Amino acid sequence: MKGNTKVRTDRRRFLKLLSSALAAMAMLPVLSRAAAEGLVRKPIRATGEKLPVIGLGTWRTFNVGSDPELLDARTEVVRAFFRHGGGLVDSSPMYGSAPDVMGYALKKLGVPESLFSAEKVWSPAGGSARQQFQQLAARWGLPEFNLLQVHNLVDWQQQLEALRELKAEGKIQYIGITTSHGRRHREFERVMASGDIDFAQLTYNITHREVESRLLPLARERGIAVIANRPYDGGRLIKGLKRSEKVPAWAREECGCRTWADFLLKFIVSHPAVNCAIPATTRVDHLNENMQAGHALMPSPGCRQKMVRHIESL
Amino acid sequence: MSAWSSYRLEDFIPFTADVYYRLLERMGEDFWPLHLLTLLLGGTVLLLALRGRARLACLLLALPWLFVGVAYFMQRYGELNWAGRDIGWAFVLQGTLLAAAGASGFGIDRPARAIAPAVMLGMLLGLLGLLGMPLIAPLVGFDWFQAETFAIHPAPTAIVTLGVVLVLFRGIFLWAAGIIPLAWISVSGLTLLVLDAPWTPVMFAALAAGVLGLAVKSVAAYRRPPRGGAA
């Protein structure tokens, strides 16, 4: 008798669990859609296509070689990114095995509609821009890329010419140039001013705001979409803040920042010229934090100034 | 801003700490139980060096450099770092140099007294690389397979070799045989520094001991009368 009761209880529990699991599974697309709908999107000025303001960088974090354990771990990061409705993933032939890791993840997960693939051509990797494009497309397992950029302005004249041809052939949608760490800004500005480019990728974060004076206004003037790299200054900025400081109460109330990830990323993407920030991470919990920052409310201009003053006071 | 002043050490390390630790672990897993044999090989090399069997010690020491150059750098590390294959070739070159010294006897010093400072430093480095390094990972809470082992992983291979070089070589050959191990210990120390690894100080201590040993032996040789010369 006692045994029968236990079996009945177990069966009831099992059925309850099963129905909860089925309900959760049924909810997944809804949740995913809700997450995607909640993300702030900004238009690429060349076409009006809207891009979620938080993307995914892969420098250092996605260079895992052929290690099956780490390949699966990074696939989970990519899965979480798309579940949040993420779009832009940025990589480079300079990032070691990162393009292969993206290929592995996309093969396992399928290619989501929201993917906005951003790659780069980089002369030291060898081969022409066209050859690099073909190799990278094979590594990602994609027929084409949304965006192809000239990495760190290396040989930009020849490379941009080749990218324009690829764009004309319909193999890529957009072309762009990149820099980081505040390097070669004068030359970068010249290319932005004279070149026919859709995207400019540069370093912009709350402690590195040099681009506010010339490059970001120029991007607005020329209708160039901007990707901000190194949003956490290579990780040290957010690590330092998380270790020693609390997010101020006013930032929560006035700027919608519950975490330091909110604080740092919302600051970047609330700049009117910036389309997208690309934090890189190896961890799903950090990815979740980053993606939360892509939701409204965004800081007002007054709030942004207050954020700067706060960071400078620390 | 000048382009070069904007570079930081972390810009030259293209992977994260978990990837590096997994690399160490994969080497450990893939080649276990070769570790037992390599520890025996390392012990034999140190013993031969101490007993003046320099040429055989060099010949045996060449093998780990060739193995680590191919198995670690060319086949695994090279996937993560553009420079990986080139470093692999540098390891193969070091193995070839040691084999050549073993075969020809070129650059090998006369047997030194065990209490000579450079010999003592060399032996300390040898023991650190052979016995100390494998214990560090488990002592700081890492997996046994992440334990860095002589002739499986590059850092203990370089440290043991630097120790043996201090015991066996002389003059310009002392520096020629020591430069690649020293270079790798430096690169390894800087990598660990960026990755915030708990055993970073060990690498810099080994580097300092190695440089000190090379300097002490060079100065001692300068003061020592030449072989067969009048006192």
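Cut-offs used in this document
- Residues numbered from 1 in each chain as written.
- Chains lettered and ligands numbered in written order.
- Predicted model: local features only at pLDDT ≥ 70, side-chain atom pairs only at ≥ 80, totals over all residues.
- Helix = DSSP H or I, 4+ residues; strand = E, 2+ residues; numbered from the N terminus.
- Contact = placed C-beta atoms within 7 Å.
- Buried ≥ 20, exposed ≤ 12 C-beta atoms within 10 Å, placed from the backbone.
- Pairing = 2+ DSSP bridges.
- Nonpolar A, V, L, I, M, F, W, Y, C, P; charged D, E, K, R; others polar.
- pLDDT = per-residue confidence, 0-100.
- Expected span 1.5 Å × (residues − 1).
- Bend = angle between axes of the 7 residues up to and from the residue.
- Core = buried A, V, L, I, M, F, W, Y, C linked by C-beta atoms within 7 Å.
- Axes fitted to C-alpha atoms, helices over the stretch in contact; angles between N-to-C directions.
- Parallel < 35°, antiparallel > 145°, perpendicular 65-115°, else oblique.
- Left-handed = near helix turned anticlockwise from the far one by under 90°.
- Right-handed = clockwise from strand over helix to strand, strands pointing away.

Novice: Break down the overall build of chain B for me, with residues and values.
Specialist: Looking only at helices and strands, chain B has eight helices and zero strands in total. Overall, chain B shows an N-to-C arrangement of helices and strands of α-α-α-α-α-α-α-α. Projecting the C-alpha coordinates of chain B onto the three principal axes gives extents of approximately 60 × 50 × 30 Å. Looking at chain B alone, contacts between residues at least 24 apart form 72% of all its contacts between residues at least 6 apart.

Novice: Describe in detail the overall build of chain A, supporting the description with residues and values.
Specialist: Of regular secondary structure, chain A possesses 12 helices and 10 strands. The buried share among the 314 residues of chain A stands at 46%. Residue pairs at least 24 apart in sequence account for 77% of intrachain contacts in chain A once pairs closer than 6 positions are excluded.

Novice: Give me the lowdown on the environment of Glu210(A), citing residues and values where you can.
Specialist: Residue and element names in this part refer to chain A. Mapping Glu210 onto the fold places it in the loop between strand 8 (199–203) and helix 7 (215–222). In this structure Glu210 comes out as partly exposed when scored by C-beta crowding, with 14 C-beta atoms within 10 Å. Here the alpha-carbon distance between Glu210 and Gly182, two residues 28 residues apart in the chain, equals 7.5 Å.

Novice: Outline the sheet that holds strand 6 (residues 145–150) of chain A, listing residues and values.
Specialist: Residues and elements named next belong to chain A. In spatial order, the strands read 3-4-5-6-7-8-9-10; together these eight strands make up an open sheet with parallel pairing. At either margin of the open sheet sits one strand with a lone partner, and together these are strand 3 (56–57) and strand 10 (274–277). One ladder, built from five bridges, connects strand 8 with strand 9 (residues 225–229); its direction is parallel. Counted as the bridge partner of Gln201 is Ile227 from strand 9.

Novice: Pulling in residues and values, what's your account of the interface of chain B and chain A?
Specialist: Across the boundary between the two partners, chain B contributes 15 residues, which contact 18 residues of chain A. Within the side of chain B that touches chain A, the residues separate by chemical class into six nonpolar, three polar and six charged.

Novice: Help me get a handle on the confidence of the model for chain A, residues and values and all.
Specialist: Residues and elements named next belong to chain A. Of all residues in chain A, 88% attain a pLDDT of 70 or more, and the chain-wide mean is 89. Under a pLDDT of 50 for its full length, residues 1–9 has, in the predicted model, zero contacts with residues more than four places off or in other chains. A low-confidence stretch, residues 23–34 stays under pLDDT 50, and its non-local contacts, those more than four residues away or across chains, total two contacts.

Novice: Quick rundown of helix 7 (residues 171–195) of chain B? Include the residues and the values.
Specialist: Residues and elements named next belong to chain B. For helix 7, spanning 25 residues, the distance from its first C-alpha to its last is 36 Å, which sits close to the expected 36 Å at 1.5 Å a residue. The axis of helix 7 is deflected most strongly, by about 40 degrees, at Gly178, and proline Pro181 appears within four residues downstream. Residues of helix 7 that are buried include every one of Leu174, Ala177, Gly178, Ile180, Pro181, Trp184, Ile185, Ser188, Gly189, Thr191 and Leu192, and no others. The inward-facing, buried residues of helix 7 abut helix 4 (84–104), helix 6 (154–168) and helix 8 (200–223). One or two residues past the end of helix 7 sits Asp196, with phi positive at roughly 60 degrees.

Novice: Which residues make up the nonpolar core, and what values go with them?
Specialist: Counting residues in each nonpolar core, the largest one holds 148 residues, and the members touching the most others are Val226(A), Ala277(A), Ala57(B), Ile159(B) and Val164(B). Apart from residues lying up to four places away in sequence, Val164(B) is in contact with Val45(B), Leu46(B), Ala49(B), Ala57(B), Leu61(B), Gly122(B) and Gly126(B).

Novice: Help me get a handle on the packing of helix 8 (residues 236–244) of chain A against helix 10 (residues 260–269) of chain A, residues and values and all.
Specialist: All names here are of chain A. Following both chains from N to C, one finds helix 8 and helix 10 inclined at 140 degrees, their axes separated by 10 Å at the closest point. The angle between the axes of helix 8 and helix 10 places the two elements in the oblique class. Judged by the sense of rotation from one axis to the other, the crossing of helix 8 with helix 10 is right-handed. Note on element contacts: helix 10 touches helix 8 through Trp260, Ala261 and Leu264, opposite Leu237, Ile238, Leu241 and Lys242. Looking at the contact of helix 8 with helix 10, its residues break down into six nonpolar, no polar and one charged.

Novice: Which residues make up helix 3 (residues 54–74) of chain B, and what values do they have?
Specialist: Residue and element names in this part refer to chain B. Its 21 residues place the ends of helix 3 29 Å apart at the C-alpha level, agreeing with the 30 Å of an ideal helix rising 1.5 Å per residue. Most pronounced at Val68, the bend in helix 3 amounts to some 30 degrees. Among the residues making up helix 3, those that are buried are Ala54, Ala57, Cys58, Leu60, Leu61, Ala62, Pro64, Trp65, Val68, Gly69, Tyr72 and Phe73. Residues of helix 3 that are buried make contact with helix 1 (17–31), helix 2 (34–50), helix 4 and helix 6.

Novice: Please give an account of the environment of Thr179(A) that cites residues and values.
Specialist: Residues and elements named next belong to chain A. For Thr179, the location among the structural elements is in the loop between strand 7 (172–178) and helix 6 (185–194). Distance in space between the C-alpha atoms of Thr179 and Asn229 is 8.8 Å, their sequence separation being 50 residues. Excluding anything up to four places from it in sequence, Thr179 contacts Asn152, Leu153, Arg184, Phe188 and Leu202.

Novice: So what's going on with unusual backbone geometry? Which residues, and what values?
Specialist: A cis geometry characterises the amide bond from Ala296(A) onward to Leu297(A), with omega recorded as 15 degrees. With respect to the helices and strands, Leu297(A) occurs in the loop between helix 11 (284–292) and helix 12 (301–313). Following Trp32(B), the chain continues into Pro33(B) via a peptide bond in cis, with omega recorded as 10 degrees. Inspection of the secondary structure assignment puts Pro33(B) in the loop between helix 1 and helix 2. Despite not being glycine, Leu153(A) has its phi angle at roughly 60 degrees, a positive value. Among the structural elements, Leu153(A) can be located in the loop between strand 6 and helix 5 (156–168). Take Leu153(A): there are 19 C-beta atoms within 10 Å of it, and that puts it in the partly exposed class. Within the chain, Asp196(B) stands out as a residue other than glycine whose phi angle is a positive 60 degrees.

Novice: Account for the pairing of strand 6 of chain A, with residues named and values stated.
Specialist: A regular strand places its side chains so that they alternate between the two faces of the sheet. Residues and elements named next belong to chain A. Most of strand 6 is tucked away, with six of its six residues classed as buried. As paired strands, strand 5 (residues 116–121) and strand 6 are joined by four bridges and run parallel to one another. Bridge pairing in strand 6 places Val121 opposite Val150. On the question of chirality, the crossover connecting strand 5 to the parallel strand 6 by way of helix 4 (residues 129–140) is right-handed. The pairing of strand 6 with strand 7 spans five bridges and is parallel. If you follow Gln149 over to strand 7, its bridge partner there is Gly176. With respect to chirality, the unit in which strand 6 leads through helix 5 into the neighbouring parallel strand 7 is right-handed.

Novice: Describe the pairing of strand 5 of chain A, naming the residues involved and giving the relevant values.
Specialist: Residue and element names in this part refer to chain A. The element strand 5 is extensively covered by neighbouring structure, given that six of its six residues are classed as buried. As judged from the three bridges shared by strand 4 (residues 88–90) and strand 5, these two strands associate in the parallel manner. The residue bridging Asp90 from the neighbouring strand is Ala118, located in strand 5. With respect to chirality, the unit in which strand 4 leads through helix 3 (residues 98–109) into the neighbouring parallel strand 5 is right-handed.

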